[in-house]
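Per-entry structural report
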Amino acid sequence: MTLFYLFVEFIKTGLFAVGGGLATIPFLKEIALEYKWFSVDELTDMIAVAESTPGPIGINMSTYSGFKADGFIGAAVATISIIIPPVIIILIISKVLQKFKTNKYVNKIFSVLRPASSGLILGAMMDIFIISFFYKDQFSDFSFSIQNILGIINFKSILFFALMYIGVLKLKKFSPIAFIACGAVFGIILGL
C-alpha cells in the first residue's frame, strides 16, 4: 500500500509543484506530516543532499523520499511518479505554445503562475530558515522572554551561514563545490 501512496503523492507533487524543484518542498513537508515516512527535520537533510548532488532538486528529493519510505522500489516509484506529469505537460505545451504564445489567456495564466510559484518557493525557504536557525524542539512550551528567545536561536548555524555567504560573495573564483565540501566538513566538526 505504501507504493500506491508514494505514487499518488508524487504524481500530485509533479503536477502542482509549479516553479521547479524548490516548489516541491511544501508538498514534501505535507507528505512528512501525513505519512511519517520521514520527519520534517529530515527534510532539511534531504534538501542539503539534493542540493549537493547533480540533477534537479525535485527529482533528487523524490528519490530520497521514496527510498526513506520503501527502499529502492519506493525510490523508483517516487522518481517516476514525479516525472510523469511534467513530461506530459511539456509535450502538450511544446505542441501548442508556438500557436498560442501571443494569446491573451495564455499570458494571463503565466502572469498568475509566476507569483504562485514564487509564493511556494518563499514558503519553502521560510521552513528551511526556521529549521536551520532555530531549535524547534523548544517551541512547544515557549513563552516570550529575552532568555527564551535567545534559547531557541541556533547562533552557530547563523554564524556559519553568514561566513559562507560572505565567502561566496568575496571568493568568487572558488567553485560552489568547494563551499559544499566546506559546509560538510564544518558541519561534522562543529556538529551543526
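Look up: the structure comes first, before these words.
Everything numeric in this text was worked out from a predicted model, so none of it was measured. (Residues numbered from 1 in each chain as written. Predicted model: local features only at pLDDT ≥ 70, side-chain atom pairs only at ≥ 80, totals over all residues. Heavy atoms only, no water.)

**Focus on helix 3 (residues 40–52)**
Definition in use: Each helix is a run of DSSP H or I of at least 4 residues and each strand a run of E of at least 2, with the numbering of both proceeding from the N terminus. Any helix carries an expected span of 1.5 Å times its number of residues minus one. Note on contacts: a residue pair is in contact if any heavy atoms of the two residues lie within 4.5 Å.
Helix length check: helix 3, at 13 residues, gives a terminal C-alpha distance of 19 Å against a target of 18 Å (1.5 Å per residue), a fit within 8%. Tucked into the core, helix 3 has its buried residues touching helix 2 (25–35), helix 4 (57–100) and helix 5 (104–133).

**Considerations on a nonpolar patch on the surface**
Going by this rule: A patch consists of residues exposed above 30% relative accessible area that lack any salt bridge, with like charges linked at up to 9 Å and nonpolar side chains (Val, Leu, Ile, Met, Phe, Trp, Tyr) linked at up to 5 Å. Using a 1.4 Å probe, the Shrake-Rupley method yields the accessible areas, and only the shown protein chains count as cover for residues. In what follows, salt bridge is the name for a side-chain nitrogen of Lys or Arg lying within 4 Å of a carboxyl oxygen of Asp or Glu.
Residues Leu15, Phe16, Val18, Ile89, Ile93, Leu97, Ile109, Phe110 and Leu113 make up a contiguous nonpolar surface patch of about 680 Å² in total accessible area. As for its placement among the helices and strands, Leu113 is situated in helix 5.

**Some words on the packing of helix 3 against helix 4**
Applicable threshold: Only the stretch in contact is used when fitting a helix axis, every axis being a line fitted to C-alpha atoms; angles between N-to-C directions are given from 0 to 180 degrees. Angular relationships are summarised with four words: roughly parallel below 35 degrees, roughly antiparallel beyond 145, roughly perpendicular across 65 to 115, and oblique for the angles in between. By definition, turning the near helix anticlockwise from the far helix through less than a right angle yields a left-handed crossing, and turning it clockwise yields a right-handed one. We call Asp, Glu, Lys and Arg charged. Ala, Val, Leu, Ile, Met, Phe, Trp, Tyr, Cys and Pro are nonpolar, and the rest, Gly among them, are polar.
Contact geometry for helix 3 and helix 4: axes closest at 9 Å, N-to-C directions at 130 degrees. It follows that helix 3 is oblique to helix 4 by the angle criterion. Helix 4 is crossed by helix 3, and the crossing has right-handed handedness. On helix 4, the residues that touch Glu42, Leu43, Met46, Ile47, Ala50 and Glu51 of helix 3 are Ile57, Asn60, Met61, Tyr64, Ser65 and Lys68. Here the residues of the contact of helix 3 with helix 4 sort into 7 nonpolar, 2 polar and 3 charged.

**Side note on the nonpolar core**
How we decide: Definition used in this section: a nonpolar core is a set of buried Ala, Val, Leu, Ile, Met, Phe, Trp, Tyr and Cys residues joined via side-chain atoms within 4.5 Å. Think of it in three bands: residues with accessible area under 20% of the maximum for their type are buried, residues over 50% are exposed, and the middle band is partly exposed, with areas taken using a 1.4 Å probe on protein chains only.
Membership of the largest hydrophobic core comes to 20 residues, with the highest contact counts inside it found for Phe10, Leu28, Phe38, Leu43 and Met61. Those residues in contact with Phe10 that lie beyond four places of it in its chain are Leu28, Ile31, Ser62, Ser65, Ala78, Ser81 and Ile82.

**Brief notes about the pattern of salt bridges**
Taken as a whole and assessed by the stated rule, the structure comprises 2 salt bridges. The salt bridge involving Glu9 is made with Lys12; its shortest N-O contact spans 3.2 Å. Residue Glu9 and its partner Lys12 are located together in helix 1 (residues 2–16), separated by 3 residues, close to a single helical turn. For Glu9, a relative accessible area of 9% puts it in the buried group. With relative accessibility at 38%, the residue Lys12 sits in the partly exposed group. The salt bridge involving Lys68 is made with Glu42; its shortest N-O contact spans 2.6 Å. Of the two residues, Lys68 sits in helix 4 while Glu42 sits in helix 3, which places them 26 residues apart along the sequence.

**Structural notes on the packing of aromatic side chains**
Our working definition: Only Phe, Tyr and Trp rings take part, Trp by its six-membered ring, and two of them pair if their centres are within 6.5 Å. Stacked means planes under 30 degrees apart, edge-to-face means over 60, and tilted covers everything else.
Scanning all chains against the criterion turns up 9 aromatic pairs. Arranged with centres 6.2 Å apart and planes meeting at 20 degrees, the rings of Phe161 and Tyr165 form a pair that is stacked. Here Phe161 and its partner Tyr165 are both found in helix 7 (residues 155–170), 4 residues apart, which amounts to about one turn of the helix. Residue classification places Phe161 among the partly exposed positions, given a relative accessible area of 46%. Its relative accessible area of 48% is what places Tyr165 among the partly exposed residues. Ring pairing ties together the aromatic residues Phe129, Phe133, Phe134, Phe161 and Tyr165, which thus form one cluster.

**Digging into the environment of Tyr5**
Along the chain, the position of Tyr5 falls in helix 1. Its relative accessible area of 32% is what places Tyr5 among the partly exposed residues. Setting aside anything within four residues of it in sequence, one finds Tyr5 in contact with Tyr35 and Trp37.

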